[in-house]
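The lines below spell out each chain.
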Amino acid sequence: MNATSPSSALFQRIEASFLRQGLMQHLGARLLRVEPGLCEIALPYSERVTQQQGGFHGGAMGALADIAGGYAALTVAPEGMEVTTVEYKINFLAAFQGGELRATGQVLKAGKRIIVTTAHVVHQDAGGQPSDCAVMQQTLVPVAKTY
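These numbers were taken from a predicted model, which means no experiment stands behind them. (Residues numbered from 1 in each chain as written. Predicted model: local features only at pLDDT ≥ 70, side-chain atom pairs only at ≥ 80, totals over all residues. Heavy atoms only, no water.)

Colleague: If you had to explain the overall build of the protein to someone new, which residues and values would you point to?
Modeller: If you tally the helices and strands in the protein, you get 3 helices and 6 strands. Starting at the N terminus and walking to the C terminus, you meet the elements of the protein as α-α-β-β-α-β-β-β-β. Since a compact globule built from 147 residues should have a radius of gyration of about 15 Å, the 15 Å found for the protein is in line with a globular shape. If one aligns the C-alpha atoms of the protein with their principal axes, the spans along those axes are about 40 × 30 × 25 Å. Looking at the protein residue by residue over its 147 residues, the buried ones come to 44%. (Helix = DSSP H or I, 4+ residues; strand = E, 2+ residues; numbered from the N terminus. Rg over C-alpha atoms; globule rule 2.2 N^0.38 Å. Buried < 20%, exposed > 50% of the residue type's maximum accessible area, 1.4 Å probe, protein only.)

Colleague: Could you give an account of the sheet that holds strand E3 (residues 81-92), naming the residues involved and the relevant values?
Modeller: Think of a sheet as strands paired side by side through backbone hydrogen bonds, with each pair either parallel or antiparallel. Strand order across the open sheet formed by 6 strands is E1-E2-E4-E5-E6-E3, with antiparallel pairing between neighbours. Each of the sheet's edge strands pairs with one partner strand only, and the pair in question is strand E1 (30-35) and E3. Ignoring which end each strand starts from, the neighbouring axes of this sheet average 25° apart. In terms of strand pairing, strand E2 (residues 38-44) meets strand E4 (residues 100-110) through 7 bridges, oriented antiparallel. (Pairing = 2+ DSSP bridges. Axes fitted to C-alpha atoms, helices over the stretch in contact; angles between N-to-C directions.)

Colleague: Tell me about the packing of aromatic side chains, and name the residues and values.
Modeller: Ring pairs (aromatic) are described by centroid distance and by the angle formed between their planes. Applying the stated criterion to the full structure yields 2 aromatic pairs. An angle of 70° between the planes, with centres 6.1 Å apart, marks the rings of Phe 18 and Tyr 71 as edge-to-face. Here the residue Phe 18 occupies a position in helix H1 (residues 9-18), and Tyr 71 occupies one in helix H3 (residues 58-74), the gap between them amounting to 53 residues. Summarising the aromatic geometry, the rings of Tyr 45 and Phe 56 are spaced 5.3 Å apart at their centres and angled 75° between planes, so their arrangement reads as edge-to-face. Within this pair, whereas Tyr 45 is found in the loop between E2 and H3, its partner Phe 56 is found in the loop between E2 and H3, the two being separated by 11 residues in sequence. Look at Tyr 45 and you get partly exposed, because its relative accessible area is 31%. For Phe 56, a relative accessible area of 2% corresponds to the buried category. Between the NZ or CZ atom of Arg 20 and the centre of the ring of Tyr 147, over which it lies, the distance is 3.8 Å. (Phe/Tyr/Trp six-rings, centres within 6.5 Å; stacked < 30°, edge-to-face > 60°. Lys NZ or Arg CZ within 6 Å of the ring centre and 35° of its normal.)

Colleague: Summarise the pattern of salt bridges; cite the residues concerned and give the values.
Modeller: Considering all chains together, one arrives at 5 salt bridges under this definition. Between Arg 30 and Glu 100 there is a salt bridge, with the nearest N and O atoms lying 3.1 Å from each other. Of this pair, Arg 30 sits in strand E1 while Glu 100 sits in strand E4, and the two are 70 residues apart along the sequence. Assessed through its relative accessible area of 11%, Glu 100 is described here as buried. For the salt bridge of Arg 33 with Glu 35, the shortest nitrogen-to-oxygen distance reads 3.7 Å. Judged by its relative accessible area of 26%, Arg 33 is partly exposed. When salt bridges that share partners are traced, they join Arg 30, Glu 100 and Arg 102 into one network. (Salt bridge = Lys/Arg side-chain N within 4 Å of Asp/Glu carboxyl O.)

Colleague: Which residues make up H3, and what are the values?
Modeller: Taking 1.5 Å of rise per residue, the 17 residues of H3 would be expected to cover 24 Å, and the 24 Å separating its terminal C-alpha atoms lies within 8% of that figure. Counting buried positions over the 17 residues of H3 gives 15, a clear majority of the element. (Expected span 1.5 Å × (residues − 1).)

Structure follows, in structure tokens:
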């Protein structure tokens, strides 16, 4: 059984934390894939994620990238820990309406005190055609799990 399977222990660990994310639940995000050092999340287009011109809001894209990178980091953090973002830098490449965004976070370097990740955000139109949307790099720190 691979880590992407919803029945895998790693997927369940990440999903338990993801389901506690009020913002992601409010926006309708879905956890798609979990592997060691990787996490993919989808965000469907809706009125909750738009800016004034009808495109996906940069804040929604940034939040999605932050969460995907964060959960990629959590896959390599020790049991009993969570992670929190120290900083991230994002480049917005294009604006889109409709379809959904998919963010794939990947761990670049996992140390004892910091974890560095990237996230690639892609827009998929109604026909499944992907287009680059944003790229992010972030730094996270492991913190004690408090729940």
